[in-house]
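Descriptive analysis of the structure
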Amino acid sequence: MAEYRSASDATAAEAAAETAAETDGTAGGATAPAAARPRFDLGQGPGRLLVWLYGVFTVAAASRSIVQTILDFDRAPLAYLLSAAAAVVYAFITYSLVRGGEQARRAALVCCAAELAGVLIVGTWTLVEPSAFPDSTVWSGYGMGYLFIPVLLPLSAMVWLRRAPRG
Amino acid sequence: MIDALTLAAGLAALGLAAWCGFAFTRDQPTKDWHFIGMAVVSLLVLVQLVVGVVRLAGGDRPAQGTAIFVAYLLGAAAAVPAAGFMSLAERTRWGSATVAAGAVILAVLEVRLYDIWGG
């Protein structure tokens, strides 16, 4: 277990170094190296819980759309494509939370807004016109089949992204 | 599958969730005893994975499809260990919250496994 920990720490350090290098490049080296470190640690504290939940939902949405697309795509193509789109959004937010930094924070905020809009639109759509969805998606009925986590997750993530400590 | 095993894994997962949730409310990170608890739950789910694969090899078929059943078995086996590793990196109350969330997810997966097998 200790080995795993040091390995992941090393990866995190590498990622931090890369981000720092990027920031240096864009800033033209005007800022001091210490100030070029990622300012937002998005994957720490409450963020760790969000990384975990977003990771789980990435796997859930992706495997759901993959299995259903392979087995019977023609039954409900719209639902399966929406699940796939949800998986992409979840994956991107997970990645942004792990990466950290101001850019990732803004990108994640935009994606969370898109995710929330998606849940609300698809949720309403499934209630108003159930015939369009012979099979349900992750976002059907505002995420009812997933304990309403799909609608709660973007809200809590947006609160965290606004309050995340400056590193 | 074996209903008793699914029930035991689900209840153990809920117990682990409550225990780690308690640690979260007391502002504590996961400790050695929590990891032993995670190991016990993981062992139960591993046994379930083996039993499930043996039953499939023996010609039994889940009601809702073999692919979905295997996907859920693998997901169930990975849930608690993955959350445990994350709590190793997060030595605060939020590590406990992560494990509690993982255990709740496992309990939900057990309910789904029961449905998928057609019990």
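An unreviewed UniProt entry lists chain A under the name Integral membrane protein, with Streptomyces mashuensis as the source organism.

Right, let's talk about the packing of aromatic side chains for a bit. By the definition in use, this model includes 8 aromatic pairs over all chains. Taking 5.8 Å as the distance between ring centres and 55° as the angle between the ring planes, the aromatic pair formed by Phe57(A) and Tyr90(A) counts as tilted. Linking Phe57(A) in helix 2 (residues 46-72) with Tyr90(A) in helix 3 (residues 77-99), this pair joins segments that are 33 residues apart in sequence. As far as the burial class goes, Phe57(A) and Tyr90(A) line up, both buried. Through pairs of rings, three or more aromatic residues link up here, namely Tyr54(A), Phe57(A), Tyr90(A), Trp139(A) and Tyr146(A). Here Arg93(B) stacks its cationic end above the ring of Phe24(B), 4.3 Å away from the centre of that ring.

Further remarks concern the UniProt feature "transmembrane region" (unreviewed entry) in chain A. Residue and element names in this part refer to chain A. The UniProt record annotates "transmembrane region" (unreviewed entry) at residues 49-71, 77-98, 107-127 and 139-161. Taken end to end, residues 77-98 is 100% helix and 0% strand, and its first and last C-alpha atoms sit 32 Å apart. Its end C-alpha atoms 22 Å apart, residues 139-161 is made of 57% helix and 0% strand.

Attention now goes to the layout of surface pockets. The computed volume of the largest pocket comes to approximately 1,100 Å³. When contributions to the lining of the largest pocket are tallied by element, the ones reaching two or more residues are helix 2 of chain A together with helix 3 (66-89) and helix 4 (93-117) of chain B. Looking at which element gives the most residues to the lining of the largest pocket, the answer is helix 2 of chain A, with 13 residues. Partitioned by chemical class, the residues of the lining of the largest pocket number 25 nonpolar, 6 polar and 5 charged.

Conventions adopted
Residues numbered from 1 in each chain as written. Chains lettered and ligands numbered in written order. Predicted model: local features only at pLDDT ≥ 70, side-chain atom pairs only at ≥ 80, totals over all residues. Heavy atoms only, no water. Phe/Tyr/Trp six-rings, centres within 6.5 Å; stacked < 30°, edge-to-face > 60°. Helix = DSSP H or I, 4+ residues; strand = E, 2+ residues; numbered from the N terminus. Buried < 20%, exposed > 50% of the residue type's maximum accessible area, 1.4 Å probe, protein only. Lys NZ or Arg CZ within 6 Å of the ring centre and 35° of its normal. UniProt positions renumbered as here; feature names shortened; annotations may be inferred. 1 Å grid on protein atoms, 1.4 Å probe; cavity = no way out; pocket = protein on both sides within 12 Å on 5 of 7 lines; lining within 4 Å. Points joined across faces, edges and corners; volume = space filled by probe spheres on them. Nonpolar A, V, L, I, M, F, W, Y, C, P; charged D, E, K, R; others polar.

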